[in-house]
Amino acid sequence: MSDYARWIADPEGFWAEQAARLAWTRPPTTTLRRADDGSWAWFPDGELNTCDLALDHHVANGRGDQVALIYDSPVTQTQRRWTFAELRDDVARLAGALRGLGVGKGDRVIIYMPMIPEAAMAMLACARLGAIHSVVFGGFAPPELATRIDDAAPRVLLTATCGIEGSRVIPYMPLVRDALALASHAPEHVVVLERPEAPVTLAAVELEWRTLVDRAPLVDPVPVAGSDPLYILYTSGTTGRPKGVVRDHGGHATALRYSMEAIYGVRPGEVFWAASDVGWVVGHSYIVYGPLIAGCTTVLYEGKPVRTPDAGAFWRVIEEHQVAVFFTAPTAFRAIRKEDAEGEGLRGRDLSKLRAIFVAGERLDPPTLAWLSERTGKPALDHWWQTETGWPMVAYGQGLEAGEVRAGSAGRPVPGYDVVILHEDGTPCPAGETGDIAVRLPLAPGAFTTLWNDHPRFLESYLARYPGYYLTSDGGYIDEDGYVYILGRIDDVINVAGHRLSTGEMEAVVAKHPAVAECAVVGIDDPLRGQVPIGFVVLADGVRIDPAELERALVAAIREQIGAIAVFKQAVVVGRLPKTRSGKILRRTLRRLAVEAEVPVPATIDDPVILVEISAALRARGVGRFGAA
Ligand code: COA
Ligand code: AMP
């Protein structure tokens, strides 16, 4: 019987069996506890510690001398390795330093750091203490960091003096200090790791990382309940306020361990590399926790797929560290292909240890899939998941009965996820028909269980639309053989280079400009980044402003308030926005105008002429289908 069939036959029994493979300090007697409001908790009465599972457990079981972490940083020309024993000691000492600052079970710690080993150690050190970490991606601007500081109310903020983007050093201290000035909540301590690329004079309230850690004692893992929170990871929703996705210890460890085997097909001792960032869910699950819990060696890579130093950078890492399974976002391969369509960077590389390449985070376009499979000769496997779920819902499982790869499909549902396609009235769509993608409750272990500080929003945004189901906010269909096809978001979230961003949040920034009466930001197709945002702006009455000047101001505002990662580069001034007769902006129509030759006129539109005007404006600028965006 397949794992999926076994799970369908006895969901709780299946997960109880998987959980029993972990080293609990007190094994759970309850597998699943459901609440009256539709939410749930996995393994609530068990006790364990995720850092213990990721490090101490392996040291105790003969893996102490195996390499746990490889730091490969072409941007600093550095490579370093930690064995499980060394990593355990460094993490235990950092945990000791945090405890010395008063951090204990349930306290929050914000980690705003670049892709350096200390970022992973910081996560593990928090886990060791039962403290809740919240990693904020280093590309976010101060107001974004401030919002997260206020929501998480951390006792301590951990940072470093800079990130390195290609050949550019990005100083972090001005960003952190600005964020702290904007935030209402003040962490008790700010701990700063000085990097040689950005020496800094610390302010009185800022503590030097190494001094603090050098004199700290090593501390043991603190057992926590299976359902206690391990971390909060903020992700974009439709409004300006990010959602604090809460992940537990027990379900998370159970699911990640299972996924390493069943989905990625890696064995303990092998090397797993996810080229992402610890600021995203992929980094949490598959740079830090998944590989370590599974006893694999993980690679933490600080650099881009191209430019550092060349288009063959990824292939070099795979060869040099003997990577068995590799995971990144399709954008990375589009970037490599753009620079090196012939695959010169692969020439002479020994990729014999590499068994499969996994991609997720955004749509895998068939040309990139074909290029990747042809050039590497390896299976290139799409899979679909979200920050909320923490691990894949749909995949071509290596350890499952994989089946053939179908272009355009992310695979079939994995155990834990009963994926369905629903009509707007909640009835199921037949095979092949497109609808809203939903998942029957409860979600699998490892998926989020609430939103930080906002359980009502969790219920309202995800569980209320279709009672008994989780609304994924993606649209798609399932074919007759059960393969799932993801067609994209049904809300105002977009994916720019695999980075999840809210157009609603960008609209809020654009709308603040005094010359703007109203605006809409939509995502349009982009050959490199998959999607990029574009703004449509209506000027306030009587305002006279050079459209180019306004565009520059809006582009700068988004960079300063959200971050360069939004890649907001275009704002088009239009006479009016297309709206329904009841005044709702037709954002979908705007998006389609930019990317499709034939756009049907919505029946509800109040004035169809505006569509012609907007098309002309897009053509004049060479946007989307009218030229290179
Ligand atoms: N800190 C500060 N700035 C950052 C940053 C970070 N961590 N990450 C990105 N930025 C900046 C970039 O420097 C760039 O700034 P610029 O406008 O001044 O040039 C801007 O944000 C846009 O970033 P990006 O879209 O990443 O563009 P890029 O040209 O730097 O790189 C790719 C393009 C395709 C190579 C890169 O996006 C990539 O490797 N993507 C892979 C996808 C991925 O890892 N996704 C994570 C989820 S799995
Ligand atoms: P994130 O929470 O940042 O991981 O983004 C999740 C969103 O990315 C999903 O809701 C999808 O819209 C998109 N996504 C993730 N994986 C895929 C995939 N394999 N194919 C298409 N879209 C994907």
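Please refer to the structure higher up on the page.
Okay, so let's go over this structure. (Residues numbered from 1 in each chain as written. Chains lettered and ligands numbered in written order. Predicted model: local features only at pLDDT ≥ 70, side-chain atom pairs only at ≥ 80, totals over all residues. Heavy atoms only, no water.)

Section: the side chain of T472
At step 1: Counting through the fold element by element, T472 comes out in strand 26 (residues 469-478).
At step 2: Look at T472 and you get buried, because its relative accessible area is 2%.
At step 3: Side-chain polar atoms of T472 contact the backbone oxygen of I437, separated by 2.7 Å.
At step 4: Engagement of the side chain of T472 in a polar contact is seen with the backbone nitrogen of D474, the distance being 3.1 Å.
At step 5: Excluding residues that lie within four positions of it along the chain, T472 makes contacts with W384, Q386, I437, A438, V439 and R489. (Helix = DSSP H or I, 4+ residues; strand = E, 2+ residues; numbered from the N terminus. Buried < 20%, exposed > 50% of the residue type's maximum accessible area, 1.4 Å probe, protein only. Polar contact = N/O pair within 3.5 Å; in protein donor to acceptor, adjacent residues only side chain to side chain. Contact = heavy atoms within 4.5 Å.)

Some points on helix 18 (residues 609-621)
At step 1: The terminal C-alpha atoms of helix 18, which comprises 13 residues, lie 19 Å apart, in line with the 18 Å expected from a rise of 1.5 Å per residue.
At step 2: All of the buried residues along helix 18 are I610, L611, I614, S615 and L618. Axial view of helix 18: buried residues confined to an arc of 140°, hence all on one face. Opposite the buried face of helix 18, by more than 90 degrees, sit the exposed residues V612, R619 and A620.
At step 3: Of the surrounding elements, those touching the buried residues of helix 18 are strand 31 (530-539) and helix 17 (587-595).
At step 4: Looking one or two residues beyond helix 18, the residue adopting positive phi is G622, at roughly 70°. (Expected span 1.5 Å × (residues − 1). Arc of directions from axis to C-beta.)

Overview of the site of ligand 2
At step 1: The immediate surroundings of ligand 2 are formed by 14 residues, with H383, T387, D474, R489 and R500 found nearest.
At step 2: Side-chain polar atom of D474 to an oxygen atom of ligand 2: 2.6 Å apart, as the coordinates give it.
At step 3: Contact distances for ligand 2 include 2.7 Å between an oxygen atom and a side-chain N or O atom of R500.
At step 4: Put simply, the parts of the chain that give the shell around ligand 2 at least two residues each are strand 20 (380-384) and strand 27 (484-489).
At step 5: Classifying every residue of the shell around ligand 2 gives three nonpolar, five polar and six charged. (Near = heavy atom within 4 Å. Nonpolar A, V, L, I, M, F, W, Y, C, P; charged D, E, K, R; others polar.)

A look at helix 3 (residues 50-63)
At step 1: In this model, helix 3 (14 residues) spans only 17 Å end to end at C-alpha, well below the 20 Å of a helix rising 1.5 Å per residue.
At step 2: D56 marks where helix 3 bends most, by close to 35°.
At step 3: For helix 3, the complete set of buried residues consists of T50, C51, D52, L53, A54, L55, D56 and H58.
At step 4: Those residues of helix 3 that are buried lie in contact with strand 3 (47-48), helix 4 (84-100), helix 5 (117-129), strand 14 (229-235), helix 9 (250-262) and helix 10 (281-293).
At step 5: Of the residues flanking the start of helix 3, the one acting as N-cap is N49, its side-chain oxygen 2.8 Å from the backbone nitrogen of C51. (Bend = angle between axes of the 7 residues up to and from the residue.)

Describing the side chain of S259
At step 1: Within the element layout of this structure, S259 appears in helix 9.
At step 2: Among the residues examined, S259 registers a relative accessible area of 0% and is labelled buried.
At step 3: Once residues within four sequence positions are removed from consideration, S259 is found in contact with Y264, Y286 and W391.

A closer look at the packing of helix 17 against helix 18
The angle between the axes and the distance between the axes are what describe a pair of packed helices.
At step 1: At a minimum axis distance of 10 Å, the contact between helix 17 and helix 18 shows a crossing angle of 45°. Between helix 17 and helix 18, the angle falls in the class oblique. Once helix 17 is placed against helix 18, the crossing between them reads as right-handed. In contact with T589, L590, L593 and A594 of helix 17, helix 18 contributes L611, I614, S615 and L618.
At step 2: Its residues assigned to classes, the contact of helix 17 with helix 18 comprises six nonpolar, two polar and no charged. (Axes fitted to C-alpha atoms, helices over the stretch in contact; angles between N-to-C directions. Parallel < 35°, antiparallel > 145°, perpendicular 65-115°, else oblique. Left-handed = near helix turned anticlockwise from the far one by under 90°.)

With respect to unusual backbone geometry
At step 1: The residue after L441, namely P442, is reached through a cis peptide bond having omega 0°.
At step 2: Note on placement: P442 falls in the loop between strand 24 (435-440) and strand 25 (450-451).
At step 3: Despite not being glycine, N453 shows a phi value in the positive range, around 65°.
At step 4: Structurally, N453 can be placed in the loop between strand 25 and helix 14 (455-463).
At step 5: Not every positive phi belongs to a glycine, and A497 is a case in point at roughly 55°.
At step 6: By the element assignment, A497 lies in the loop between strand 28 (493-496) and strand 29 (499-502).

Side note on the packing of aromatic side chains
At step 1: Summed over the entire model, instances satisfying the criterion amount to 36 aromatic pairs.
At step 2: Ring plane angle 70° and centroid distance 5.3 Å describe the contact between Y264 and F272, whose orientation is recorded as edge-to-face.
At step 3: Relative to W385, the ring of Y286 lies with its centre 5.6 Å away and its plane at 85°, an arrangement referred to as edge-to-face. Residue Y286 is found in helix 10, and its partner W385 is found in the loop between strand 20 and strand 21 (394-395); the two are separated by 99 residues along the sequence. Here the two residues Y286 and W385 agree in accessibility, since each one is buried.
At step 4: Taken together, the ring pairs in this structure connect Y264, F272, Y286, F327, F358 and W385 into an aromatic cluster.
At step 5: Of note, R148 hangs over the ring of F140, and the distance from its end group to the ring centre comes to 4.5 Å. (Phe/Tyr/Trp six-rings, centres within 6.5 Å; stacked < 30°, edge-to-face > 60°. Lys NZ or Arg CZ within 6 Å of the ring centre and 35° of its normal.)

Points about the pattern of salt bridges
At step 1: For the coordinates displayed, the defined rule picks out 34 salt bridges.
At step 2: One salt bridge in this structure joins D3 and R6, with 3.5 Å as the shortest N-O distance. A residue pair is termed a helical-turn pair when its members lie 3 or 4 positions apart in one helix, as D3 and R6 do in helix 1 (residues 3-9) at three residues.
At step 3: By relative accessible area, which is 29% here, R6 ends up partly exposed.
At step 4: When the shortest N-O distance is used, the salt bridge between E165 and K304 registers 2.9 Å. Here E165 is found in strand 9 (residues 162-165), whereas its partner K304 is found in the loop between strand 17 (297-301) and helix 11 (313-320), with 139 residues between them in sequence. (Salt bridge = Lys/Arg side-chain N within 4 Å of Asp/Glu carboxyl O.)

Observations concerning the site of ligand 1
At step 1: The immediate surroundings of ligand 1 are formed by 24 residues, with E165, R168, K304, R529 and R559 found nearest.
At step 2: Here an oxygen atom of ligand 1 sits 2.7 Å away from a polar atom, N or O, in the side chain of K304.
At step 3: For ligand 1, the accessible surface in isolation is 940 Å², of which the surrounding protein chains cover 85%.
At step 4: Looking at the shell around ligand 1 element by element, the count peaks at three residues for helix 12 (residues 330-339).
At step 5: The residue inventory of the shell around ligand 1, partitioned by class, reads 12 nonpolar, six polar and six charged. (Areas by Shrake-Rupley, 256 points an atom, 1.4 Å probe, with all protein chains shown as cover.)

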